[in-house]
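The primary structure of each chain is shown beneath.
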Amino acid sequence: EKGLHEIPRYGPLWFAAMRLHEKTFDLDRVRATIDRTLHSISRELLWKVYFEAAQVEDRGKNLERAREYYVNSVLHCQKNLRWKIWLGGARTEMNADNLDVSRQLLQRSLKEVPKKMRATVFIECSRIEEFAGNVEKARDILCRARQESRHEWKVFLESVLLEMRSGHVDAAITMAREALEIHTGTGRLWAVLIQLTQMRGNGDEWDLFYSAVREVPKSGEVWCEGARIWMNPLSPKFDLAMARRFLDFAVEFTPQYGDSFIE
């Protein structure tokens, strides 16, 4: 509040205030902060205030209020950023089980999104089809995404995770190996391949871990998977002291990776 009083037009402070008030579970206070923000912030950021307000109302299960805020966000937004609002609206409608509306919004987002960000929308299109039980259609969307956005490793990761969630471990392993041929330096892909190999249980995960460490030695995700190998009481390599050492590496290299703290 002191900062807002001193610098009333500084956007990041207003957005921080909105998030902090939301953590108190006082929706009326959040709405009051949103109103204050709209009267104080620069015009260029009005769309983002409305967008954040829509997200707040969505989390509060107030669908109609969320829609109103999304509409205002579109009206105040630059054309090159509107795809983000369509994407956010699609997620809101999916949460409300309005799948047809969600699909329409995603298609609109796909038309307006910059080429380098198309992968983000493709992933969301795939998820809604998986959510609706159309796994084959989800695969087709990700296949198209891999062709159009080969530079984006997250598309390949999503393809692997789709097969994992569908219970197709061998297909997921194949997909992960294909992904690593393109994105060799992506630790998250190495980590998921190690995890899948452990699920198969043929003992290849240790050699794979060493290959991953040679390729991406500063990947916390990979070190975390190595720790899981050492933590397995049924493994001949069971050693909690070594696992703790690996987890220390994981936290040091990738402190934002929550799995390391859980392990």
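Now for a quick tour of the structure. Keep in mind that this is a model prediction, so the values were computed, not measured.

Brief notes about the overall build of the protein
- Each helix and strand counted, the protein has 16 helices and zero strands in total.
- For the protein, buried positions account for 46% of its 263 residues.
- Long-range contacts, defined here as pairs at least 24 residues apart, represent 52% of the contacts in the protein between residues at least 6 apart.
- Accessible surface, the protein as shown: approximately 14,500 Å² in total, 52% of it carbon and sulfur.

Here's the deal with the nonpolar core
- If you look at the biggest cluster of nonpolar residues, it comprises 40 residues, and the most contacted ones within it are I34, I85, L106 and V121.
- Elements with a minimum of two residues in this core: α2 (11–23), α3 (27–40), α4 (46–59), α5 (63–75), α6 (82–95), α7 (99–112), α8 (118–131) and α9 (135–148).
- It is α4 that provides the largest number of residues to this core, a total of eight residues.
- Sequence-distant contacts of L106, defined by excluding residues within four places in its chain, comprise L87, A90, V121, E124, C125 and I128.
- In terms of nonpolar packing, the next biggest core, distinct from the first, is built from 32 residues, F156, W206, V213 and W230 among them.

Details of the packing of aromatic side chains
- As enumerated under the stated definition, the model contains 13 aromatic pairs in all.
- Clustering of aromatic rings is evident, with ring pairs tying together W206, F209, Y210, W223, W230, F246, F249 and F253.
- Note that K48 overlies the ring of F15, its terminal NZ or CZ placed 5.1 Å from the centroid.

Some details on unusual backbone geometry
- For F25, which is not glycine, the phi dihedral falls at a positive 60°.
- Residue position: F25 is located in the loop between α2 and α3.
- Of note, the phi angle at D97 is positive, near 65°, even though the residue is not glycine.
- The class of D97 is exposed, set by a relative accessible area of 55%.

Remarks on the side chain of E52
- Note that E52 resides in helix α4.
- One buried charge, E52, has no salt-bridge partner; the nearest side chain with opposite charge is R19, at 4.8 Å.
- If near-sequence neighbours (up to four positions away) are discounted, E52 is found in contact with F15 and M18.

Some thoughts on the packing of α6 against α8
- Here α6 crosses α8 at 15°, and the two axes come no closer than 11 Å. One finds that α6 runs roughly parallel with respect to α8. Crossing handedness for the pair α6 and α8: left-handed. Each of W83, L87, R91 and M94 in α6 lies in contact with α8, whose residues at this interface are T120, V121, E124, I128 and F131.
- Taken together, the residues of the contact of α6 with α8 sort by class into six nonpolar, one polar and two charged.

Here is what the cut-offs are and how they apply
Residues numbered from 1 in each chain as written. Predicted model: local features only at pLDDT ≥ 70, side-chain atom pairs only at ≥ 80, totals over all residues. Heavy atoms only, no water. Helix = DSSP H or I, 4+ residues; strand = E, 2+ residues; numbered from the N terminus. Buried < 20%, exposed > 50% of the residue type's maximum accessible area, 1.4 Å probe, protein only. Contact = heavy atoms within 4.5 Å. Areas by Shrake-Rupley, 256 points an atom, 1.4 Å probe, with all protein chains shown as cover. Core = buried A, V, L, I, M, F, W, Y, C linked by side-chain atoms within 4.5 Å. Phe/Tyr/Trp six-rings, centres within 6.5 Å; stacked < 30°, edge-to-face > 60°. Lys NZ or Arg CZ within 6 Å of the ring centre and 35° of its normal. Lys, Arg positive; Asp, Glu negative; His and termini not counted. Salt bridge = Lys/Arg side-chain N within 4 Å of Asp/Glu carboxyl O. Axes fitted to C-alpha atoms, helices over the stretch in contact; angles between N-to-C directions. Parallel < 35°, antiparallel > 145°, perpendicular 65-115°, else oblique. Left-handed = near helix turned anticlockwise from the far one by under 90°. Nonpolar A, V, L, I, M, F, W, Y, C, P; charged D, E, K, R; others polar.

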